Amino acid sequence: MKKEDSEQESSSTNLEYHDKEFWDNFYKNRNPYITNINWYFDITKVNIDNFSLNNLSKEDEILLVGAGLSSILDYFNKNDYEKITIFDFSEELVKILNDKYNKDWAIDCYDILELNDSFASDFNIIIDKGCLDCIISEPKHGQDNFIKAFNNLMLLLSEDGILYYFSTSKDRERLFNMGDKIKCKITKIDMNNEMGKEYKQFKTEDNLYYLYTIQKTDG
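None of these values were measured; they are calculated from a predicted model.

A closer look at the overall build of the protein
Here is step 1: The helix and strand inventory of the protein stands at 7 helices and 11 strands.
Here is step 2: Counting all 219 residues of the protein, 49% fall into the buried class.
Here is step 3: Considering only residue pairs separated by 6 or more positions, the protein has 70% of its internal contacts joining residues 24 or more positions apart.
Here is step 4: Put simply, the protein shows about 11,300 Å² of open surface, and 43% of that area lies on carbon and sulfur atoms.

Next comes the structure, spelled out in structure tokens:
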């Protein structure tokens, strides 16, 4: 993909990524010639252990949290995935997505911190690439907000569903079992070797990526 069509953003957290106004301004003032913005990395290139977009069924009810302008949306559009729900709290982004994708997708301006009773736990697949990371970056209430958002995601996840959470932190397990005490099985995958193969400029000392796969359990 040509540079003007796609942009890779770093995982630096020195900006107000938790703030709605930051994101509204970001999308309002973005370069219109850049059609995709992939925070951390391009998820469509990931094929690691038990995660690849190729493994997702078109029958899955898929929720993307804080989807942004990720290449994953073009992938789902090109491959005719219909059961897609997108949550993002930026009104500017929601306008862009509704204009860009002429689909029957549910694209909602929605804050995952405010669980809406109209959404049942029907999602087989939930994908979060950095949204929870943005939430926890809030200086005063970041950890509490992270726990609340995570618990809300687990309530939206079906009993046999999987939450795929991509993060720059290798130490999130301690937070997953706090709050509402939803029992879950957590698998952490160190992605750094795989990322080094895909991106020649990748240096593990500068960029640390982890995939947490999370499922509900009975006990």
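Examining unusual backbone geometry
Here is step 1: Of note in this structure, Tyr-40 is not a glycine but carries a positive phi near 75°.
Here is step 2: A relative accessible area of 10% places Tyr-40 in the buried class.
Here is step 3: Despite not being glycine, Asp-80 shows a phi value in the positive range, around 60°.
Here is step 4: Take Asp-80: it is sitting in the loop between helix H2 (71-78) and strand S6 (84-88).
Here is step 5: By relative accessible area, Asp-80 is classed as partly exposed at 46%.

Some thoughts on the packing of helix H1 (residues 20-28) against helix H3 (residues 91-100)
Here is step 1: Close contact between H1 and H3 brings their axes to 7 Å; oriented N to C, the two are set at 40°. One finds that H1 runs oblique with respect to H3. Every residue of H3 that contacts H1 at Lys-20, Asp-24, Tyr-27 and Lys-28 is listed here: Glu-91, Glu-92, Leu-93 and Ile-96.
Here is step 2: In terms of residue class, the contact of H1 with H3 is built from 3 nonpolar, no polar and 5 charged.

With respect to the pattern of salt bridges
Here is step 1: Scanning the entire structure with this criterion turns up 9 salt bridges.
Here is step 2: Taking the shortest distance from any N to any O, the salt bridge between Lys-95 and Glu-92 comes out at 3.7 Å. Of this pair, Lys-95 and Glu-92 both sit in helix H3, 3 residues apart, which is roughly one turn of that helix.
Here is step 3: Salt-bridge contacts for Glu-159 lead to Lys-216; the nearest nitrogen and oxygen are separated by 3.6 Å. Placement of the pair is Glu-159 in strand S9 (residues 157-167) and Lys-216 in strand S11 (residues 210-216), with a sequence separation of 57 residues.
Here is step 4: The class of Glu-159 is exposed, set by a relative accessible area of 58%.
Here is step 5: The network of salt bridges with shared partners includes Lys-20, Asp-24 and Glu-91.

Some remarks on the environment of Lys-28
Here is step 1: When you line up the elements, Lys-28 lands in helix H1.
Here is step 2: Look at Lys-28 and you get exposed, because its relative accessible area is 53%.
Here is step 3: Taking C-alpha positions, Lys-28 is 9.9 Å from Ser-90, a pair spaced 62 residues apart along the chain.

Let's talk about H3
Here is step 1: Here H3 has its buried residues at Glu-92, Leu-93, Val-94, Ile-96 and Leu-97.
Here is step 2: Buried residues belonging to H3 abut H1, H2, S6 and strand S7 (106-109).

Re the confidence of the model for the protein
Here is step 1: Mean pLDDT over the protein works out to 84, with 84% of the residues at or above the 70 mark.
Here is step 2: Under a pLDDT of 50 for its full length, residues 10-14 has, in the predicted model, 6 contacts with residues more than four places off or in other chains.

Examining the side chain of Thr-213
Here is step 1: Locating Thr-213 in the fold gives a position in strand S11.
Here is step 2: The contacts of Thr-213, once residues within four sequence positions are left out, are Asn-50, Ile-162, Leu-163, Tyr-164, Lys-185, Ile-186 and Thr-187.

What counts, and where the lines are drawn
- Residues numbered from 1 in each chain as written.
- Predicted model: local features only at pLDDT ≥ 70, side-chain atom pairs only at ≥ 80, totals over all residues.
- Heavy atoms only, no water.
- Helix = DSSP H or I, 4+ residues; strand = E, 2+ residues; numbered from the N terminus.
- Buried < 20%, exposed > 50% of the residue type's maximum accessible area, 1.4 Å probe, protein only.
- Contact = heavy atoms within 4.5 Å.
- Areas by Shrake-Rupley, 256 points an atom, 1.4 Å probe, with all protein chains shown as cover.
- Axes fitted to C-alpha atoms, helices over the stretch in contact; angles between N-to-C directions.
- Parallel < 35°, antiparallel > 145°, perpendicular 65-115°, else oblique.
- Nonpolar A, V, L, I, M, F, W, Y, C, P; charged D, E, K, R; others polar.
- Salt bridge = Lys/Arg side-chain N within 4 Å of Asp/Glu carboxyl O.
- pLDDT = per-residue confidence, 0-100.

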